Amino acid sequence: MSSSFISRSLSEERPVTALWGCELGMGTRRCVLQEDDDCLEHLVLLRTVSLGAGARDELHVVAVESKNTYGGCKPVPIASLRGSVLPMISLKGLEFVPPVTFVLECGAGPVYLSGQHVTLEDDHRYEAHEEELLEEDTGDEDDARAAQDGE
């Protein structure tokens, strides 16, 4: 994604939000959220990290690899959970630009991550689509009036 897309003003964009989640554990130690190739700006917002009911009472460390973390590809720990002490955390303000990888560095899991995937949609494209829909509706109303007048 080029910097020209990232630097666009939020006033020109309309956010579209979808929920996302993943499970990290012994079978799946990594969760990768890829960059979409649609020329729009995407953000991944991490909201909660929690241990599953089957998690052992041991330390579970979740780290993140992202192009907006310092140190290249070295994972940066973002959560340390233990069932008897801190089984869940709620986060605010952790935003990542895809591609982003969440890694279970320590512990057997299951650890659940959830958040939002935000796509900033260009208002000009939305307005053009909205105008097309209005034109179709107007055409349908005109056809209905003509049919009524012809009766």
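All residue numbers here refer to positions counted from 1 along the written sequence of the relevant chain. Selection of residues for local features in this predicted model requires a pLDDT of at least 70, selection of side-chain atom pairs for listing and counting requires 80 or more, and totals for whole chains, interfaces and linings are taken over all residues. The side-chain quantities take in all heavy atoms of the structure and omit both hydrogens and water.

**Quick look at the overall build of the chain**
A run of H or I in DSSP counts as a helix once it spans at least four residues, and a run of E counts as a strand once it spans at least two, with each numbered from the N terminus. For the chain, the count of helices and strands is two helices and eight strands. Seen in sequence order, the chain has helices and strands lined up from the N terminus as α-β-β-β-β-β-β-β-β-α. Throughout, exposure labels follow a simple rule: accessible area from a 1.4 Å probe, protein chains only, divided by the maximum for the residue type, with under 20% read as buried, over 50% as exposed, and the rest as partly exposed. Here the chain holds 151 residues, and 34% of them are scored as buried. The contacts of the chain with a sequence gap of at least 6 include a subset with a gap of at least 24, amounting to 84%. Only the protein chains shown count as covering a residue, and every accessible area follows the Shrake-Rupley method with a 1.4 Å probe. Surface exposure of the chain reaches about 9300 Å², of which carbon and sulfur atoms provide 53%. In this description, contact between two residues means that some pair of their heavy atoms is separated by no more than 4.5 Å.

**Here we look at the nonpolar core**
Core analysis: the biggest nonpolar cluster contains 21 residues, and Leu 24, Leu 46, Val 49, Val 62, Phe 102, Val 111 and Leu 113 have the highest contact counts within it. Counting residues per element, the ones that place at least two in this core are strand 1 (13–24), strand 3 (41–51), strand 4 (60–66), strand 5 (76–81), strand 6 (88–96), strand 7 (100–106) and strand 8 (111–122). Leave out the neighbours within four places in its chain, and Leu 46 touches Trp 20, Ile 78, Leu 91, Leu 94, Phe 96, Phe 102, Leu 113, Ser 114 and Gly 115. Residues belong to a common nonpolar core when they are buried Ala, Val, Leu, Ile, Met, Phe, Trp, Tyr or Cys residues joined through side-chain atoms within 4.5 Å. Counting residues in each nonpolar core, the second largest holds five residues, with Leu 43, Leu 45, Val 97 and Val 118 among its members.

**Thoughts on unusual backbone geometry**
Note the cis peptide between Pro 98 and Pro 99, where omega equals 5°. On the secondary structure map, Pro 99 appears in the loop between strand 6 and strand 7. Backbone torsion omega between Gly 109 and Pro 110 reads 5°, so that peptide bond is classified as cis. Residue position: Pro 110 is located in the loop between strand 7 and strand 8.

**Comments concerning the environment of Glu 23**
Relative to the helices and strands, Glu 23 is located in strand 1. With relative accessibility at 42%, the residue Glu 23 sits in the partly exposed group. In the structure, Glu 23 is positioned 91 residues away from Ser 114 in sequence and 9.0 Å away in space, judged by C-alpha atoms. Once you skip the residues sitting within four places of it in the chain, Glu 23 turns out to touch Thr 28, Pro 110, Val 111 and Tyr 112.

**Some details on the pattern of salt bridges**
Salt bridges are counted wherever a side-chain nitrogen of Lys or Arg sits within 4 Å of a carboxyl oxygen of Asp or Glu. Summed over all chains, the structure comprises three salt bridges. A salt bridge links Glu 65 to Arg 30; its shortest N-O distance comes to 3.1 Å. With Glu 65 in strand 4 and Arg 30 in strand 2 (residues 30–33), this pair connects stretches of sequence that are 35 residues apart. Residue classification places Arg 30 among the partly exposed residues on the basis of a relative accessible area of 43%. One salt bridge in this structure joins Asp 57 and Arg 82, with 3.6 Å as the shortest N-O distance. One end of the pair, Asp 57, is in the loop between strand 3 and strand 4; the other, Arg 82, is in the loop between strand 5 and strand 6, and 25 residues separate them in sequence. Among the residues examined, Asp 57 registers a relative accessible area of 43% and is labelled partly exposed.

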